[in-house]
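Commentary on secondary and tertiary structure
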Amino acid sequence: MITSDIHMHSSFSTDSESPMENMIQGAIDKGLTTICFTEHLDYEYPSPDGTVLFEVDVDAYEKKLYELKDKYKKDIEVLFGIEFGLLPHLADRYNTVAKTHDFDFIIGSSHLIPAPWYKKDLDYIREHGTAPKNMIHGDPYEKEFWEGRTVKAICKKYFQTIIDNTAAYQDFDTYAHIDYLIRYAPEKNKGYTYEKYASILDKALNAIIEHDLALEINTAGYKYGLGQPNPQADILARYLKLGGEKITIGADAHKPEHIAYDFKKAEELLKTLGFKYYTIFKKRQPVMLPL
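A brief look at the structure comes next. (Residues numbered from 1 in each chain as written. Predicted model: local features only at pLDDT ≥ 70, side-chain atom pairs only at ≥ 80, totals over all residues. Heavy atoms only, no water.)

1. Here we look at the pairing of strand β4 (residues 105-109)
Taken residue by residue, a regular strand's side chains alternate between the two faces of the sheet. Burial runs high along β4: five of the five residues are buried. Residues Phe 105, Ile 107 and Ser 109 of β4 are buried on one face, and the alternating residues Ile 106 and Gly 108, pointing to the opposite face, are buried as well. Relative to β4, strand β3 (residues 77-85) is paired through five bridges, and the arrangement is parallel. Across the sheet, the residue bridging to Gly 85 is Ser 109, located in β4. Bridge count between β4 and strand β5 (residues 174-175): two bridges; the pairing is parallel. Residue pairing in the sheet places Ile 107 in a bridge with Thr 174 of β5. (Buried < 20%, exposed > 50% of the residue type's maximum accessible area, 1.4 Å probe, protein only. Helix = DSSP H or I, 4+ residues; strand = E, 2+ residues; numbered from the N terminus. Pairing = 2+ DSSP bridges.)

Structure (structure tokens):
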């Protein structure tokens, strides 16, 4: 039985308005034994007006977490984590953060495809022979991201980021929602299968395995109406077949009501696929728990 949700955000992350204490109380109400906050740290996240986004104040976050960890220690175990929005050239910056804080758990994620990405930037480069000022990385969350390209081309480029990011930086514990972009595709996951992207997905999965990282099953896919988690079942099955063993589980909740979202479905899926354990991390060390 899954009683740990180790991917969640509070108001310390740009995209959440939920106080950390509310999230903890929500997890207690759902009967969880362990949670891990994984606030967003995405250096160079694009902002049209120059506002700094997704860069948690790690010191303030850590102070509050340990205050509440102690307050609720008789009710639930609260772990200290972070989610790095990876880009290869940011490896040294993330390495510094990882080495200067005593995290229990570090998530690596692909949220962005490196610039040039947006059609307007590519058109400018073709016309002028040089990159425009304020050129930004692409996020699948933005509708503009999908303009002028096929979903297949975008997916291949996105999956390549997993390979590139793991080659540049490995000091994290799990790779999260490796098909995150499908949440925001024009037709979501219609027509999306492992087989269509098998060649590049195998490279990505092998990179995760070779660097001794875990793979996350992120149940927000159910919340987004995909009918499956991220990644979907056939990718999870392939990971297991390739020799992957460590699976972390998180709902990617930004509100208390989304904590442990459809964990029962995720547990049934993992058991059906042949997984026997799931993994949590404490002080950056894996702990295997039975499903």
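Now that the structure has been shown, we can carry on.
2. A closer look at the packing of aromatic side chains
Across all of its chains, the model carries 20 aromatic pairs by this definition. With centroids separated by 5.8 Å and ring planes inclined at 45 degrees, the aromatic side chains of Phe 12 and Tyr 61 adopt a geometry described as tilted. With a gap of 49 residues between them, Phe 12 in the loop between β1 (4-8) and α1 (20-29) and Tyr 61 in helix α2 (residues 58-71) connect regions that are remote in the sequence. For Phe 12, a relative accessible area of 26% gives the class partly exposed. (Phe/Tyr/Trp six-rings, centres within 6.5 Å; stacked < 30°, edge-to-face > 60°.)

3. Quick look at unusual backbone geometry
Cis geometry marks the peptide bond from Ala 115 to Pro 116, where omega comes out at 0 degrees. Within the secondary structure layout, Pro 116 lies in the loop between β4 and α4 (119-128). Note the cis peptide between Asn 230 and Pro 231, where omega equals -5 degrees. Within the element layout of this structure, Pro 231 appears in the loop between α7 (220-223) and α8 (233-241). You will see that Asp 212, though not glycine, has its phi angle at about 60 degrees, which is positive. Its location among the elements puts Asp 212 in the loop between α6 (198-210) and β6 (214-218). Since its relative accessible area comes to 55%, Asp 212 is described here as exposed. Its identity is not glycine, yet Arg 284 carries a phi of approximately 70 degrees, on the positive side. As for its position among the elements, Arg 284 is in the loop between β8 (277-282) and β9 (285-290).

4. Considering the side chain of Ser 109
Structurally, Ser 109 is set in strand β4. Engagement of the side chain of Ser 109 in a polar contact is seen with the side chain of Glu 83, the distance being 2.5 Å. Beyond its immediate stretch of four places on either side in the chain, Ser 109 contacts Glu 83, Phe 84, Gly 85, Leu 86, Tyr 175, Ala 176 and His 177. (Polar contact = N/O pair within 3.5 Å; in protein donor to acceptor, adjacent residues only side chain to side chain. Contact = heavy atoms within 4.5 Å.)

5. Examining the packing of α1 against α2
Across the interface, α1 lies against α2 with an axial gap of 10 Å and an inter-helix angle of 35 degrees. Both α1 and α2 take part in a crossing whose hand is right-handed. On α2, the residues touching Met 20, Glu 21 and Ile 24 of α1 are Tyr 61, Lys 64, Leu 65, Leu 68 and Lys 71. (Axes fitted to C-alpha atoms, helices over the stretch in contact; angles between N-to-C directions. Left-handed = near helix turned anticlockwise from the far one by under 90°.)

6. What to know about the pairing of β8
As defined by bridge partners, β8 adjoins β9 across six bridges and the pair is classed as antiparallel. Among the inter-strand pairings, Phe 281 is bridged to a residue of β9, identified as Pro 286. The turn linking β8 back onto β9 is made up of two residues, and Lys 283 within it adopts a positive phi angle of 55 degrees.

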